[in-house]
Amino acid sequence: MAQIRKFLAEIDAKWKALGGEPLTLQVIGSAALMLQCDYDRGTKDGDILESKDLPPAVKTQLLAIADKGTDLSKEFRIYIDIVRIAILFVPQKLIFRPVPDLQLKNFSVEVLDVVDVVVSKLKRFNQSDKNDIRAMADRGLIDHKKFIARFEAALDMFSTDARADEFPKYIKNLRVVERDILDVPPADIELPLWMQD
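One structure accompanies this document, and this report is about it. (Residues numbered from 1 in each chain as written. Predicted model: local features only at pLDDT ≥ 70, side-chain atom pairs only at ≥ 80, totals over all residues. Heavy atoms only, no water.)

**Observations regarding the pairing of strand β1 (residues 23-27)**
With respect to burial, β1 is a largely interior element, four of its five residues being buried. Here five bridges tie β1 to strand β5 (residues 107-112), and the two strands are oriented parallel to one another. Bridge pairing in β5 links Thr24 to Ser108. (Buried < 20%, exposed > 50% of the residue type's maximum accessible area, 1.4 Å probe, protein only. Helix = DSSP H or I, 4+ residues; strand = E, 2+ residues; numbered from the N terminus. Pairing = 2+ DSSP bridges.)

**A closer look at the nonpolar core**
Counting residues in each nonpolar core, the largest one holds 71 residues, and the members touching the most others are Ile4, Phe7, Ile11, Phe89, Phe147 and Phe151. If we ignore the near neighbours within four places in the chain, the residues touching Phe89 are Val119, Ser120, Lys123, Phe151, Ala154, Leu155, Phe158, Phe167 and Tyr170. (Core = buried A, V, L, I, M, F, W, Y, C linked by side-chain atoms within 4.5 Å. Contact = heavy atoms within 4.5 Å.)

**Some details on the pattern of salt bridges**
Per the stated rule, a full pass over the model turns up 10 salt bridges. Residue Arg175 is joined to Glu178 by a salt bridge in which the shortest nitrogen-to-oxygen separation is 2.7 Å. Highlighted residues: Arg175 and Glu178, both in helix α8 (residues 167-182), separated by three residues, approximately one helical turn. Under the relative-accessibility criterion, Arg175 is labelled partly exposed at 26%. Linked by salt bridges that have partners in common, Lys121, Arg124, Asp129 and Asp132 make up one network. (Salt bridge = Lys/Arg side-chain N within 4 Å of Asp/Glu carboxyl O.)

In short, geometric facts, not functional conclusions.
The structure is reproduced here in structure tokens:
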């Protein structure tokens, strides 16, 4: 069993009901990958997406139980990191999937779709991100056409944003994935008008 599953089960066991349970936790990043396929690797954080469905009292208790430095984080070497959607390179409408085999009393866990996680990893694109992407490719979980469509949707989402200046870097990282991991020819990408000559 992946450590992230045990970690979430321990949070569930320590949870003091606030009313309205089960609460929906949306998990992103490598934790999302490990929750939806036979993949496990060490990770320092379990990213939870901050959303309108995560009220302040929920965030406060989550962090009290499992933030960096808590007993639980020391035991599992994982901590809860609540991430704002605005910092992610992702399409506007995210695809989340339920984790039906993760039975918790206080939470319903949804995970970001594998391809959306892969797209989000093109922003930072460090060695762990590349390893995660390769592991998903090895399992046949990255459809190239869907990957390009979701990448273009993310470009579109941020085309009027200050971060649009980083698009050439994201495209370069995409090309590395196509060439070195997926072993496919580079796809034609619909670029925002300002990037077209």
